[in-house]
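Residues per chain are reported as follows:
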Amino acid sequence: EAQVTQNPRYLITVTGKKLTVTCSQNMNHEYMSWYRQDPGLGLRQIYYSMNVEVTDKGDVPEGYKVSRKEKRNFPLILESPSPNQTSLYFCASSLSQGNIQYFGAGTRLSVL
Amino acid sequence: DQQVKQNSPSLSVQEGRISILNCDYTNSMFDYFLWYKKYPAEGPTFLISISSIKDKNEDGRFTVFLNKSAKHLSLHIVPSQPGDSAVYFCAASAGSYGQNFVFGPGTRLSVLP
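Residues numbered from 1 in each chain as written. Chains lettered and ligands numbered in written order. Predicted model: local features only at pLDDT ≥ 70, side-chain atom pairs only at ≥ 80, totals over all residues. Heavy atoms only, no water.

Novice: Got a minute to help me understand the side chain of Asp84(B) in this structure?
Specialist: Residues and elements named next belong to chain B. For aspartate 84, the position within the fold is in the loop between strand 8 (72-77) and strand 9 (86-93). When its relative accessible area of 2% is taken as the criterion, aspartate 84 is described as buried. At 2.8 Å, the side chain of aspartate 84 forms a polar contact with the side chain of arginine 61. In this view, aspartate 84 contacts Lys37, Arg61, Phe62, Ile77, Pro79, Leu109 and Val111; residues no more than four positions away in its chain are not counted. (Helix = DSSP H or I, 4+ residues; strand = E, 2+ residues; numbered from the N terminus. Buried < 20%, exposed > 50% of the residue type's maximum accessible area, 1.4 Å probe, protein only. Polar contact = N/O pair within 3.5 Å; in protein donor to acceptor, adjacent residues only side chain to side chain. Contact = heavy atoms within 4.5 Å.)

Right, here's the structure in full:
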């Protein structure tokens with residue numbers, strides 16, 4: 001089954017404790033992206049990757065890092081989480097930039 | 001400033017009637033538009049698309065209309081069903097220019113039995 005898998009689905013952490021949210025897709029898609037969803041703001045892009053070893057900032061990249069060492073994986077790293085990063089996060093993938101994206105089920109993060 | 005706007009945060013419709021969800025955009029370079037549907041505790045799923053060379057696209061009960069001069073698109077659901085109750089996101093991109101999608105804030109649709 002074609003899918004985008006995110007882990008964990010729920011995470012509660014404390015300020016400053018490094019965390020990683022994993023994302024994996026099995027569709028051999030070149031393009032992958034991370035979004036955060038906040039009330040009244042919709043989905044805002046954090047980082048995206050056009051292909052292996054090619055990543056770029058989206059609209060709200062501050063406080064986040066990503067890497068794309070393999071085509072299928074695109075982890076999101078929060079080196080020093082802060083309460084303003086409490087949000088619902090989605091990973092997505094598509095054949096290429098500008099194509100229909102397939103989303104993971106989401107990761108709800110709370111930073112205390 | 002939001003480039004893609006969905007000015008109705010929520011909408012309630014009776015089962016069997018038409019649901020009309022609206023989306024406005026400001027960037028005249030946008031040439032490809034998508035609608036996504038999102039249920040609670042799930043990721044958004046693609047619903048229907050339209051490119052700027054068309055003004056209408058239909059898929060079953062779902063029709064998207066694009067008015068380029070008004071920078072406005074709308075999603076019509078006819079007839080509405082309780083299973084259509086979800087949050088609907090409009091997204092736009094200037095695909096010809098290699099740009100990423102920009103999403104609207106979403107509209108929560110409730111279809112009442």
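Novice: For this particular structure, what's the right way to read the pattern of salt bridges?
Specialist: When the charged atoms of two side chains with opposite charge come close together, those side chains can pair. Using the criterion set out here, one finds six salt bridges over all chains in the structure. Among the salt bridges present, the one from Glu79(A) reaches Lys65(A), with a minimum N-O distance of 2.9 Å. Linking Glu79(A) in the loop between strand 8 (76-78) and strand 9 (87-94) with Lys65(A) in strand 7 (residues 65-66), this pair joins segments that are 14 residues apart in sequence. A relative accessible area of 41% means that Lys65(A) is categorised as partly exposed. Where Asp84(B) meets Arg61(B), a salt bridge forms, and the shortest distance between an N and an O atom there is 2.8 Å. One end of the pair, Asp84(B), is in the loop between strand 8 and strand 9; the other, Arg61(B), is in the loop between strand 6 (56-59) and strand 7 (62-67), with 23 residues separating them in the sequence. The exposure class of Arg61(B) is partly exposed, given its relative accessible area of 22%. (Salt bridge = Lys/Arg side-chain N within 4 Å of Asp/Glu carboxyl O.)

Novice: Teacher, can you tell me more about the interface of chain B and chain A here?
Specialist: It is common to report an interface's size as the accessible area lost on association of the parts. Across the boundary between the two partners, chain B contributes 18 residues, which contact 20 residues of chain A. Taken together, the two surfaces of chain B and chain A that pack against each other cover about 1,500 Å², and 56% of this comes from carbon and sulfur. If you sort the residues of chain B by the area they bury against chain A, Asn100(B), Phe101(B) and Phe103(B) come out on top, with a joint share of 34%. In this structure, the connection of chain B to chain A is made through five residue pairs in polar contact (both at pLDDT 80 or more). In terms of residue count, strand 4 (residues 32-38) of chain B provides more of the side of chain B that touches chain A than any other element does, four residues in total. Of the residues assigned to the side of chain B that touches chain A, the class counts are ten nonpolar, six polar and two charged. (Buried area = accessible area lost by both parts, 1.4 Å probe. Nonpolar A, V, L, I, M, F, W, Y, C, P; charged D, E, K, R; others polar.)

Novice: Teacher, can you tell me more about the sheet that holds strand 7 of chain A here?
Specialist: Within a sheet, adjacent strands bond to each other through the backbone by hydrogen bonds, running parallel or antiparallel. Residues and elements named next belong to chain A. One open sheet holds the four strands; their spatial order is 1-3-8-7, and the pairing between them is antiparallel. Both edges of this open sheet fall to strand 1 (4-7) and strand 7, since each of them pairs with a single strand only. Note that strand 7 and strand 8 share two bridges and pair antiparallel. By the bridge assignment, valine 66 is partnered in strand 8 with leucine 76. (Pairing = 2+ DSSP bridges.)

Novice: How should the pairing of strand 3 (residues 19-25) of chain B be read in this particular structure?
Specialist: All names here are of chain B. Of the two faces of strand 3, the one lined by Ser19, Leu21, Cys23 and Tyr25 is fully buried and the one lined by Ile20, Asn22 and Asp24 carries no buried residue. Alignment of strand 1 (residues 4-5) against strand 3, held across two bridges, turns out to be antiparallel. Following the sheet pairing, lysine 5 is matched in strand 3 by aspartate 24.

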